[in-house]
Amino acid sequence: MAAQALASAAFEEGGYAVAFPFFGSERRGAPVLAFTRIDKNPIRVKTQVYEPDCIVVLDEGLIEQIDVTVGLKKDGMAIVNTAKRPEEIDLGMDLKVATVDATTVALEILKRPVTNSAILGAIAKASDAVSIEGIEKGIISIFGGRLGEKVGLINAKAARAAYDQTVIGQSKGKIKKKGVEKWMPTVQEMLPGAAIGEQDTPFGKVGMGSMVENKTGSWKVFQPKYDKEKCTMCLTCWWACPEGCIYRTKDKLEFDMSYCKGCGICANECPVDAIAMGRGE
Ligand code: SF4
Ligand code: SF4
């Protein structure tokens with residue numbers, strides 16, 4: 001919800017934003033990750049954030065268990081929920097750090113140790129991504145929308161209090177970090193054609209080839225209308241098509257209508273509007 005409220009704040013302020021969680025063990029108290037991507041321009045990357053500009057640590061106990069800075073850019077920053085000052089935090093790299101005792105703020109205002117709204121105030125204070133007014137609106141929209149207006153307002157109050165108490169400083173990285181391998185390449189790093197091919201498994205066909213058996217073309221009402229003159233061959237649509245029915249020829253694309261299910265994702269993702277969805281002839 002905090003990631004969504006942050007995205008909502010950025011959106012309210014005229015930007016583009018995407019937020020999504022990543023759950024491991026889905027139980028209360030288990031470590032979870034959530035990502036927010038904010039930009040002035042439309043966001044076409046759909047992956048997790050592997051190289052963040054900013055990390056936000058809601059539980060400082062995690063710092064001893066895992067390397068929370070994996071992928072963090074050298075000029076990035078960390079926001080930590082702690083009673084310590086920034087210079088007392090050691091994340092294994094020299095870093096701009098903002099600290100706030102969000103747990104105490106939450107206990108005082110919400111009467112519960114739920115820190116996700118308070119920490120948003122620290123984000124507004126420490127980064128230039130969003131203003132505190134935007135955060136308050138985002139919280140009222142997301143928290144209030146799900147849990148009621150009263151809950152939205154009190155969580156906005158917690159964010160404002162945390163904003164006032166956030167301290168920004170510099171930390172020195174003294175502990176030695178364990179190197180952590182990235183577990184997956186990003187879309188930008190993968191070569192076109194690197195997706196797995198057809199494979200027979202005990203559960204049937206998987207991979208690109210599995211689509212051959214399901215002629216999904218009969219589902220569609222609308223189909224993609226492709227404008228070769230506008231197309232820059234960036235292949236965003238090729239990546240995005242869930243049916244793998246866009247083919248590259250020497251200088252243009254072709255769409256296999258036996259499999260195109262008319263979802264419109266290709267048209268939505270094309271950055272130059274070279275694809276429009278329309279009724280078939
Ligand atoms: S409409 Fe959907 S299925 Fe058809 S080509 Fe575009 S992305 Fe692929
Ligand atoms: S996304 Fe648009 S510009 Fe890029 S290859 Fe597809 S049709 Fe062409």
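What comes next is a walk through the structure.

Quick word on the pairing of strand β5 (residues 95–100)
Within β5, five of the six residues are buried, leaving the element largely enclosed by the surrounding structure. Bridge count for strand β4 (residues 77–81) against β5 is five bridges, and the pairing is parallel. Note that in β5 the partner of V80 across the bridge is T99. Inspection of the sheet shows β5 paired to strand β6 (residues 167–171) by five bridges, in the antiparallel sense. Paired with T99 across the two strands is V167, which belongs to β6.

Digging into the environment of P113
Within the secondary structure layout, P113 lies in the loop between α3 (102–109) and α4 (116–126). Note on P113: 11 C-beta atoms within 10 Å, which makes it exposed. Those residues in contact with P113, other than ones at most four positions away along the chain, are T103, A106 and L107.

A short note on the sheet that holds β5
The strand order across the open sheet built from four strands is β3-β4-β5-β6, with neighbouring strands paired in mixed fashion. Only two strands of the sheet have a single neighbouring strand rather than two, namely β3 (54–57) and β6. Taking each pair of neighbouring strands and ignoring which way they run, the sheet shows an average axis angle of 25 degrees. Helix-sheet contacts for α4 involve β3, β4, β5 and β6, and the interaxial angle to β4 is about 150 degrees.

Parameters and conventions
- Residues numbered from 1 in each chain as written.
- Chains lettered and ligands numbered in written order.
- Predicted model: local features only at pLDDT ≥ 70, side-chain atom pairs only at ≥ 80, totals over all residues.
- Buried ≥ 20, exposed ≤ 12 C-beta atoms within 10 Å, placed from the backbone.
- Helix = DSSP H or I, 4+ residues; strand = E, 2+ residues; numbered from the N terminus.
- Pairing = 2+ DSSP bridges.
- Contact = placed C-beta atoms within 7 Å.
- Axes fitted to C-alpha atoms, helices over the stretch in contact; angles between N-to-C directions.

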